[in-house]
Amino acid sequence: MECEEIVRLYFEGMRDRFSVEATEDGCIIRTPYQDPDNDPISIHVKKDDNCFRISDQTQAMEFLFLHGIDIRPKSKQRWHFDSILRRLDVDTAANELYLEVQKDDLADGRARLSDAVKSAEHLVYTAKTRSQLDFGEEVAIWLSSNQIISDRRKEFIGASGKQVSVDFIISRKKKVPAFMYSLHAESPGYANGLVNKTIVAWIELRDAGIQFDSVCLLDDTVEEDVWREPYPKLKRLTSTVAFWEERDELLEALA
């Protein structure tokens, strides 16, 4: 079969899978592409002076909102969302994804906006709850990617004679080692208990005469600000406290 024939069959098949509905100010194109709930992605096209305005009419952001995704400033989700817009050269305003193109670029614009909607809606998978173990593994990968060598879950004998397990032991040049806990909590009550346990560990280790700098890395990707209440007391008794979303600021302290 000739390549031209293959291309013809492909475009004929694609055309049959699109549907169009007229509106007062343009038309809605229902594409064969689907969101994670298997609903079709629809694109609104409006002629505006000498160009065409193509938008999703807030479909992507409404989908994320209904699935509990709040794209906060400086969050990982915001970074991914902004990367999608830059990659596909799509703009956003009032929760709407849109772009403006000339007539010759109408097909390309439709394709780019559809890709942007699909990619943005897939941020729903970033809402998956993770465990403390998951967070610890992510921290380990981050340390390794920054060429920071660490020992995991090393045991020490505290001042009371009890064993104290530390998440990460990081050797540093011309400094005492950094002892670091990676803390993940889903509720304020659990976060408070976790912080109290960490403070007890610091006291046990220091009173045992062990030399180290204390570090805590807090998982702030959960929807609720679980660290607001226990943070001040953790900060008073820990050399360095950082949040996961700002983790790169911690690199200097670990070097």
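See the structure above.
What counts and what doesn't
- Residues numbered from 1 in each chain as written.
- Predicted model: local features only at pLDDT ≥ 70, side-chain atom pairs only at ≥ 80, totals over all residues.
- Heavy atoms only, no water.
- Helix = DSSP H or I, 4+ residues; strand = E, 2+ residues; numbered from the N terminus.
- Polar contact = N/O pair within 3.5 Å; in protein donor to acceptor, adjacent residues only side chain to side chain.
- Core = buried A, V, L, I, M, F, W, Y, C linked by side-chain atoms within 4.5 Å.
- Buried < 20%, exposed > 50% of the residue type's maximum accessible area, 1.4 Å probe, protein only.
- Contact = heavy atoms within 4.5 Å.
- Phe/Tyr/Trp six-rings, centres within 6.5 Å; stacked < 30°, edge-to-face > 60°.
- Lys NZ or Arg CZ within 6 Å of the ring centre and 35° of its normal.
- Pairing = 2+ DSSP bridges.
- Axes fitted to C-alpha atoms, helices over the stretch in contact; angles between N-to-C directions.
- Patch = residues over 30% accessible without salt bridge, like charges linked within 9 Å, V, L, I, M, F, W, Y side chains within 5 Å.
- Areas by Shrake-Rupley, 256 points an atom, 1.4 Å probe, with all protein chains shown as cover.
- Salt bridge = Lys/Arg side-chain N within 4 Å of Asp/Glu carboxyl O.
- Parallel < 35°, antiparallel > 145°, perpendicular 65-115°, else oblique.
- Nonpolar A, V, L, I, M, F, W, Y, C, P; charged D, E, K, R; others polar.

Chemist: Can you help me understand the side chain of Thr-238 in this one?
Modeler: With respect to the helices and strands, the residue Thr-238 is situated in the loop between helix H7 (231-236) and strand E11 (240-243). Side-chain polar atoms of Thr-238 contact the backbone oxygen of Leu-234, separated by 2.8 Å.

Chemist: Could you clarify how one ought to interpret the nonpolar core in this entry?
Modeler: Core analysis: the biggest nonpolar cluster contains 26 residues, and Ile-54, Leu-64, Ile-71, Phe-81, Val-90, Leu-97 and Leu-113 have the highest contact counts within it. Elements that contribute at least two residues to this core include exactly strand E3 (40-48), strand E4 (51-55), helix H2 (59-66), helix H3 (76-88), strand E6 (96-101) and helix H4 (106-121). Among all residues touching Ile-54, those that are not within four sequence positions of it are Ile-43, His-44, Val-45, Leu-97, Tyr-98, Leu-99, Val-101, Leu-106, Gly-109, Arg-110 and Leu-113. Counting residues in each nonpolar core, the second largest holds 23 residues, with Ile-199, Leu-218, Val-222 and Val-226 among its members.

Chemist: Just checking my understanding: could you explain the packing of aromatic side chains for this structure?
Modeler: By convention here, two paired aromatic rings are described through the distance between centres and the angle between planes. For the structure on display, the rule yields 8 aromatic pairs. In textbook terms, an aromatic cluster arises when at least three aromatic residues are bridged by ring pairs, as seen for Phe-156, Phe-179, Tyr-181, Trp-202 and Phe-212. The lysine or arginine in question, Lys-47, covers the ring of Phe-52, its NZ or CZ lying 5.9 Å from the ring centre.

Chemist: Explain the sheet that holds strand E9 (residues 175-183) here, please?
Modeler: Note: strands within a sheet are paired through backbone hydrogen bonds, in either parallel or antiparallel orientation. Pairing within the open sheet is mixed, and its 5 strands lie in the order E7-E8-E9-E10-E11. On the outer flanks of this sheet lie strand E7 (150-157) and E11, each paired with one strand and no other. Between one strand axis and the next, the sheet turns through 35 degrees on average, direction left out of account. Helix H6 (residues 188-207) rests against E7, strand E8 (163-172), E9 and strand E10 (213-218) of the sheet, and its axis sits at about 160 degrees to E9.

Chemist: Please explain the environment of Met-61 as it appears in this structure.
Modeler: By secondary structure assignment, the location of Met-61 is in helix H2. On a C-alpha basis, the gap between Met-61 and Leu-97 in space is 8.5 Å, while along the polypeptide they are 36 residues apart. Beyond its immediate sequence surroundings of up to four residues, Met-61 is in contact with Ile-71, Phe-81 and Asn-95.

Chemist: So what exactly am I meant to see when it comes to the sheet that holds strand E5 (residues 91-93) here?
Modeler: Pairing within the open sheet is antiparallel, and its 6 strands lie in the order E1-E2-E3-E4-E6-E5. The sheet is open, and its two edges are formed by strand E1 (19-23) and E5, each paired on a single side. On average, adjacent strands in this sheet sit at an angle of 30 degrees to one another, irrespective of strand direction. Bridge count for E1 against strand E2 (residues 26-34) is 5 bridges, and the pairing is antiparallel. Residue pairing for E2: Val-20 is matched across the bridge by Ile-29. H4 rests against E2, E3, E4 and E6 of the sheet, and its axis sits at about 165 degrees to E6.

Chemist: Honestly, a nonpolar patch on the surface in this entry has me stumped. Any pointers?
Modeler: Together, Val-7, Tyr-10 and Phe-11 make up an exposed nonpolar region whose accessible area comes to about 320 Å². Along the chain, the position of Phe-11 falls in helix H1 (residues 3-16).

Chemist: Would you mind going over the pairing of E3 with me for this structure?
Modeler: Across a regular strand the side chains alternate sides, sitting on one face of the sheet and then on the other. Bridge analysis of E2 against E3 gives 5 bridges, and the strand direction is antiparallel. Within E3, the position partnered with Ile-28 by the bridge is His-44. Count of turn residues in the E2/E3 antiparallel hairpin: 5 residues, of which Asn-38 carries a positive phi of about 70 degrees. Counting the residues that bridge the hairpin from E3 to E4 gives 2 residues, and of these Asp-49 lies at a positive phi of roughly 60 degrees.

Chemist: What am I meant to see in the packing of H2 against H4 here?
Modeler: Each pair of packed helices gets described by two things: the angle between the helix axes and the distance between those axes. Put simply, H2 and H4 touch, their axes get as near as 9 Å, and they point 10 degrees apart. On the basis of the axis angle, H2 is roughly parallel to H4. Facing H2, whose interface residues are Gln-59, Ala-60, Phe-63 and Leu-64, H4 presents Val-117, Ala-120 and Glu-121. Its residues assigned to classes, the contact of H2 with H4 comprises 5 nonpolar, 1 polar and 1 charged.

Chemist: How should I be thinking about the pattern of salt bridges in this particular structure?
Modeler: Any two side chains of opposite charge can pair, given that their charged atoms come close. Considering all chains together, one arrives at 11 salt bridges under this definition. Here Arg-53 ties to Glu-96 by a salt bridge, and the two come within 3.1 Å at their closest N and O atoms. Taken together, the positions of Arg-53 in strand E4 and Glu-96 in strand E6 put the pair 43 residues apart, joining distant regions of the chain. The exposure class assigned to Glu-96 is buried, which follows from its relative accessible area of 16%. A salt bridge links Arg-153 to Glu-137; the shortest N-O distance between them is 3.8 Å. Remark: Glu-137 occurs in helix H5 (residues 132-145) and Arg-153 occurs in strand E7; sequence separation between them is 16 residues. By sharing partners, the salt bridges in this structure join Glu-5, Arg-8 and Glu-12 into a single network.

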